[in-house]
Amino acid sequence: MPKRAKELTAIEVKRLSPGVHNVGGVAGLLIQVTDSGAKSWLLRARVGDKRRELGLGPFPEVSLARAREKAAEAREAIRMGIDPIQERKALRSALLASQRQGLTFIEAFNKYAAKKLPELKTDRYRAQWRATVEKYAFPDLGNMLVQDITRDDVLRVLHPIWETRTETATKVRQRVEKTLDYAKAAGYRTGDNPAAWRGNLELALPAPSKIAPKENYPALQLDDAARWWDDLNRREGVSAIALAFQALTASRTGAVRFATWDEIDFDAKLWTIQPGRSASKIAPTGKPHRVPLTDATITLLQSLPRMGGLVFASPRGGSLSDASLGKVMRAIHEADIKRGGTGYVDARTKAQAVPHGLRSCFRVWVTERTDFDGDMAEIALAHMVGSKVRQAYDRSDMIEKRRGMMESWGRFLDGNTMAQEAGV
C-alpha cells in the first residue's frame, strides 16, 4: 500500500521552499512553489489510461482548505467518468461561441487604444503601451466578453507578476481598468469595474509601494567627485567622453546616447533636445529642453570625430548601448579599489555609483555647497517646476543663469572649491 503523504498545515504551506510538494489530505494534491515564491495548486490523477495534471488556482487566493475541497471534487468527478480538463475545455468553447453576441476584451482594447495612442508622444512608448496588455492580459482575458470579466479573472492576470514585476503589473492593471471603463461607457458592460484599485483590488493585493519601493540610483558622493573626475579624464574612448559630457550637463544617459549633431549650436553654445526624441524622456513639459554648453563641454564635443548624425557613435556605428557608460563607471570604481581606495559608492546604500546617479550628485551639490536657486537646478535636470499654473505663466528656462551654474559645477568637478563655496 503506498505511503500516505503527511497532511501539511496552512503555516507549513506558507513556509515551503521552491519545488513541488505533496500536501496530503487528498491523494495527488500538490503545491508548486516558484523561485520567486509564487505558489499554485496542482492535482495529479489518472483519468482513464492517462496521467493528468489539473490546476486548482494560486495560493493564497485558493486556501489550503479550499484546494483540498476542489481536489476532492475533481477526484469524485473522475470516479463518475468525467474528465475535469475536458470539461473545462468544453466550457471555454461554449464561452468562445457566445462571443458573437458581445464585445471581447481584445476588441474593446483595440477600440480604446485607437483613441488613446494618439495622446502618447513616441512610437516606442506607443508600442510598449500595447505590448504590456497583449503579453499579460490577452492570454486570460483576450477572448472573454467584457461583460463576463470578474475580479477573479483580473487577479488571475495580476497574481503571477504582481510581486516579481510590480511596475509592469501596475501598468497592466491600469490599462485593463481603462479598457473596461471604455466598454462600460460604450454600453457593453454594467456594474463596478473589476480592475479598479481603490476599495477593490487593494484588498487583495499588496500596495506596489510596499513590495517594490522606488529606489534612487546610487549616486557619487560630493567628497569623491573631484577624485572621480580626475580618474575619468585619464580614460580614453567615446564612452568615457560621453560619460564626462553627461556629468558636465547633468543629463539623462538616454539623452546623451542619442544626442545628434544637429541639436548642437556651437555659436550659441546650446544643446537643444526636442520633446519626444527617442529614449531621452528629456522634455516632460512637451517643450524643447535647452542645455547650456560650457567651454569644457564644447572642448569635449570638438574632440570627437563626426561619424554620421550621432554625437556619441559607437565604434561599429549606431548609438552607444545603455551599458557602455555604466561599464566605464564600474571600471573606474574597480580601479580605485585595486589602488587601495574605497571606490565610488552611494553614501547611504554603499552600492557602486552609476551614471544616472551623477544627476543626484549635481542636485546635492546645488543644495549643500552653493547659493544657486533650487528651481534652476530642477530646470537643469529637466524636471517639472512648480504648480501647473506657475508652469503656464513662468516660461523662462533661465538659460544664461544656468550657464553660470553649470560652469561652477564644472569647476567643482575639477577640484576648484573656491567657486563652489561662493556659489558662482
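Our subject is the structure that appears above.
The next subject is the nonpolar core. The nonpolar side chains of a soluble globular protein tend to be buried with one another. Ranked by internal contacts, the top residues of the largest apolar core, which has 53 residues, are Trp228, Trp271, Phe312 and Phe362. The biggest single contributor to this core is helix α11 (residues 238-249), with 9 residues. Beyond its immediate chain neighbours, meaning those up to four positions away, Phe362 contacts Ala250, Ala377, Ala380, Leu381, Met405, Met406 and Trp409. Core analysis: the second largest hydrophobic core is formed by 32 residues, Leu117, Phe138, Leu155 and Leu201 among them.

This part is about empty space enclosed by the protein. For the coordinates displayed, the defined rule picks out 1 cavity of 30 Å³ or more. Roughly 50 Å³ of volume is contained in the largest cavity. Surrounding the largest cavity, Leu43, Ala45, Val47, Arg52, Glu53, Leu54, Ile78, Asp83, Pro84 and Ile85 form its lining. Counting residues per element, the ones that place at least two in the lining of the largest cavity are β3 (39-47), β4 (50-59) and α3 (84-97). Considered class by class, the residues forming the lining of the largest cavity number 7 nonpolar, no polar and 3 charged.

Across all of its chains, the model carries 18 aromatic pairs by this definition. Both rings, one in Phe105 and one in Phe109, keep their centres 6.5 Å apart while their planes meet at 15°; by these two values the pair is stacked. With Phe105 and Phe109 both in helix α4 (residues 105-116) and 4 residues apart, the pair spans about one turn of that helix. Side by side, Phe105 and Phe109 carry an identical accessibility label, which is buried. Among the aromatic side chains, those forming a connected cluster through ring pairs are Phe105, Phe109, Tyr112, Trp129, Phe138 and Tyr182. One cation-aromatic arrangement involves Arg306 over Trp261; the distance from NZ or CZ to the ring centre is 4.2 Å.

So, on to the environment of Leu413. Mapped onto the elements of the fold, Leu413 is located in helix α18 (residues 399-413). Distance in space between the C-alpha atoms of Leu413 and Ala226 is 4.8 Å, their sequence separation being 187 residues. Apart from the residues lying within four places of it in its own chain, the contact partners of Leu413 are Ala225, Ala226, Trp229, Ala247 and Leu248.

To continue, consider the layout of surface pockets. Approximately 1,200 Å³ is the volume found for the second largest pocket. Along the wall of the second largest pocket there are 35 residues; nearest its centre are Gly57, Pro58, Glu61, Asp152 and Arg156. Elements with a contribution of two residues or more to the lining of the second largest pocket: β3, β4, α3 and α7 (151-162). Taken together, the residues of the lining of the second largest pocket sort by class into 15 nonpolar, 9 polar and 11 charged.

The next subject is the pattern of salt bridges. Within this structure, the stated rule accounts for 20 salt bridges. The shortest N-O distance in the salt bridge between Arg66 and Glu69 comes to 3.1 Å. Residue Arg66 and its partner Glu69 are both found in helix α2 (residues 64-79); the two are separated by 3 residues, about one turn of the helix. Judged by relative accessible area, Glu69 falls into the partly exposed class, the value being 43%.

Conventions and cut-offs
- Within any chain, residue numbers begin from 1 and follow the written order of that chain's sequence.
- Selection of residues for local features in this predicted model requires a pLDDT of at least 70, selection of side-chain atom pairs for listing and counting requires 80 or more, and totals for whole chains, interfaces and linings are taken over all residues.
- Think of the side-chain values as coming from all heavy atoms in the structure, minus any hydrogens and water.
- Among buried residues, the Ala, Val, Leu, Ile, Met, Phe, Trp, Tyr and Cys ones that are joined through side-chain atoms within 4.5 Å form a nonpolar core.
- Whether a residue is buried, partly exposed or exposed follows from its accessible area with a 1.4 Å probe, protein chains only, as a fraction of its type maximum: under 20%, in between, or over 50%, in that order.
- For the purposes of this entry, the term helix denotes a DSSP run of H or I that reaches at least four residues, the term strand denotes a run of E that reaches at least two, and both are numbered from the N terminus.
- When checking whether two residues touch, look at their non-hydrogen atoms; a contact exists if any pair is within 4.5 Å.
- The method works on a 1 Å grid over the protein atoms by themselves. A cavity is a set of points holding a 1.4 Å probe that cannot get out, a pocket is an open set with protein on both sides within 12 Å along at least five of seven lines, and residues with an atom within 4 Å of a point line them.
- Grid points are joined across faces, edges and corners, and a volume is the space filled by probe spheres set on the points.
- Residue classes follow a fixed rule: Ala, Val, Leu, Ile, Met, Phe, Trp, Tyr, Cys and Pro count as nonpolar, while Asp, Glu, Lys and Arg count as charged, and any other residue, Gly among them, counts as polar.
- The aromatic pairing rule takes the rings of Phe, Tyr and Trp, using the six-membered ring of Trp, and pairs them if the centres are within 6.5 Å, calling planes under 30 degrees apart stacked, those over 60 edge-to-face and the rest tilted.
- We call a charge positioned over a ring when the NZ of a Lys or the CZ of an Arg lies within 6 Å of the ring centre and within 35 degrees of the ring normal.
- By convention in these notes, a salt bridge is any Lys or Arg side-chain nitrogen within 4 Å of a carboxyl oxygen on Asp or Glu.

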